[in-house]
Amino acid sequence: MDQKVALVTGAGSGIGRATAHKLARNGATVVVADLDLEAAEATVNEIVASGGAAVAQRCDVTDPQDVAELFARIEEDFDGLDYAVNNAGICTEVASIADYKLPLMRKMMAVNVSAVFNCLQHEVRSMRRKGSGAIVNLSSIFGQVSGPGYAGYTATKHAVEGLTKSVALENAEYGIRVNCVRPSVVQTPLMTGKDVHVEPGSDEWAAYEDANPSKRAAQPEEIAAGIAWLLSDEASFVSGGGINLDGAYLAR
Ligand SMILES: NC(=O)c1ccc[n+]([C@@H]2O[C@H](COP(=O)([O-])OP(=O)(O)OC[C@H]3O[C@@H](n4cnc5c(N)ncnc54)[C@H](O)[C@@H]3O)[C@@H](O)[C@H]2O)c1
């Protein structure tokens, strides 16, 4: 990925951070975008300390002005994008639809769907100018199936799958590939911290692990590896679909 420029949204934590590291190790210059500037800067400092190239940008992906500024900087400083990973995502609540708080659903739609749509708009404009590009969207096993308490999150990830297909179809003739990845449970702050609140070592965590045929959660680096492959030239004819990074969860 030498001489290539990659954008990773939500790269201050979890899967995004691991992906930024992986792409930088593969030679790309990585634009690390996150709502949390300190977290983005921490990722950049780690990358630079290990010999890679990266820059941090604070960006709330739900704010069209922030997103426009992010892409203006990418055009100005790097002459456009080669790779994009639309990773920033949240799970605002795990609850029955009967009890789900509507404002939390709206917030999740804004981050997981509308913001991905807006980032895709800028990404394809930039990549069309360059004449090629590759994009990976973060779906989930819940882009294909669902589970109790996950109606809202499931709706957002099914939308990501639809966007992936549409944008891949529309842009194949421009040399732009668009795919998604479908992780099952990954040990990141989304699961263990502010969003879902399941502590590793707790009975609830054990239940999540037990629900997976591989009897464990994934580490973010295992997801980053799949994303990096989809972006790479090794996947040059892979577009419009997704790969399951789920320890066989979806095989049942
Ligand atoms: N962790 C899992 O089990 C799992 C499973 C399947 C899919 N995913 C998906 O993977 C992606 C990354 O999840 P993660 O587990 O690494 O989460 P995480 O909470 O560890 O990291 C998400 C990052 O996104 C940033 N972010 C949140 N809202 C933002 C916004 N509006 N603008 C910019 N940045 C914002 C956060 O600051 C954080 O740094 C999400 O799309 C998630 O839905 C996660």
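Everything numeric in this text was worked out from a predicted model, so none of it was measured.

Cut-offs used in this document
Residues numbered from 1 in each chain as written. Predicted model: local features only at pLDDT ≥ 70, side-chain atom pairs only at ≥ 80, totals over all residues. Heavy atoms only, no water. Near = heavy atom within 4 Å. Polar contact = N/O pair within 3.5 Å; in protein donor to acceptor, adjacent residues only side chain to side chain. Areas by Shrake-Rupley, 256 points an atom, 1.4 Å probe, with all protein chains shown as cover. Helix = DSSP H or I, 4+ residues; strand = E, 2+ residues; numbered from the N terminus. Nonpolar A, V, L, I, M, F, W, Y, C, P; charged D, E, K, R; others polar. Core = buried A, V, L, I, M, F, W, Y, C linked by side-chain atoms within 4.5 Å. Buried < 20%, exposed > 50% of the residue type's maximum accessible area, 1.4 Å probe, protein only. Axes fitted to C-alpha atoms, helices over the stretch in contact; angles between N-to-C directions. Parallel < 35°, antiparallel > 145°, perpendicular 65-115°, else oblique. Left-handed = near helix turned anticlockwise from the far one by under 90°. Contact = heavy atoms within 4.5 Å.

(A) Region of the structure containing the site of the ligand. With respect to spatial proximity, 28 residues lie near the ligand, and among them Ser 13, Asp 34, Tyr 153, Val 186 and Thr 188 are the closest. Contact between the ligand and Val 186: an oxygen atom at 2.7 Å from a main-chain N or O atom of the residue. Taking 830 Å² as the accessible area of the ligand by itself, protein coverage stands at 95%. Elements that contribute at least two residues to the shell around the ligand include exactly helix H1 (14-25), helix H5 (151-171) and helix H6 (189-192). A per-element tally of the shell around the ligand places H6 first, with three residues. Partitioning the shell around the ligand into residue classes produces 14 nonpolar, 10 polar and four charged.

(B) How the structure looks around the nonpolar core. In terms of nonpolar packing, the biggest core is built from 43 residues, with Leu 7, Val 61, Leu 70, Phe 71, Ile 74, Leu 81 and Ile 135 touching the most fellow members. Elements that contribute at least two residues to this core include exactly strand S1 (5-9), strand S2 (29-34), helix H3 (64-78), helix H4 (102-130), H5 and strand S6 (176-183). The dominant element in this core, judged by the number of residues it contributes, is H4, at nine residues. Core analysis: the second largest hydrophobic core is formed by 30 residues, Ile 47, Ala 56, Val 181 and Leu 245 among them.

(C) The arrangement of the packing of H1 against helix H8 (residues 220-231) in detail. At their nearest, the axes of H1 and H8 sit 8 Å apart, and the two run at 55 degrees to each other. With respect to their mutual orientation, H1 and H8 come out oblique. In the packing of H1 onto H8, the handedness of the crossing is right-handed. Contacts between H1 and H8 involve Gly 14, Ile 15, Ala 18, Thr 19, Lys 22 and Leu 23 on the former and, on the latter, Pro 220, Glu 221, Ile 223, Ala 224, Ala 225, Ile 227, Ala 228 and Leu 231. Its residues assigned to classes, the contact of H1 with H8 shows 10 nonpolar, two polar and two charged.

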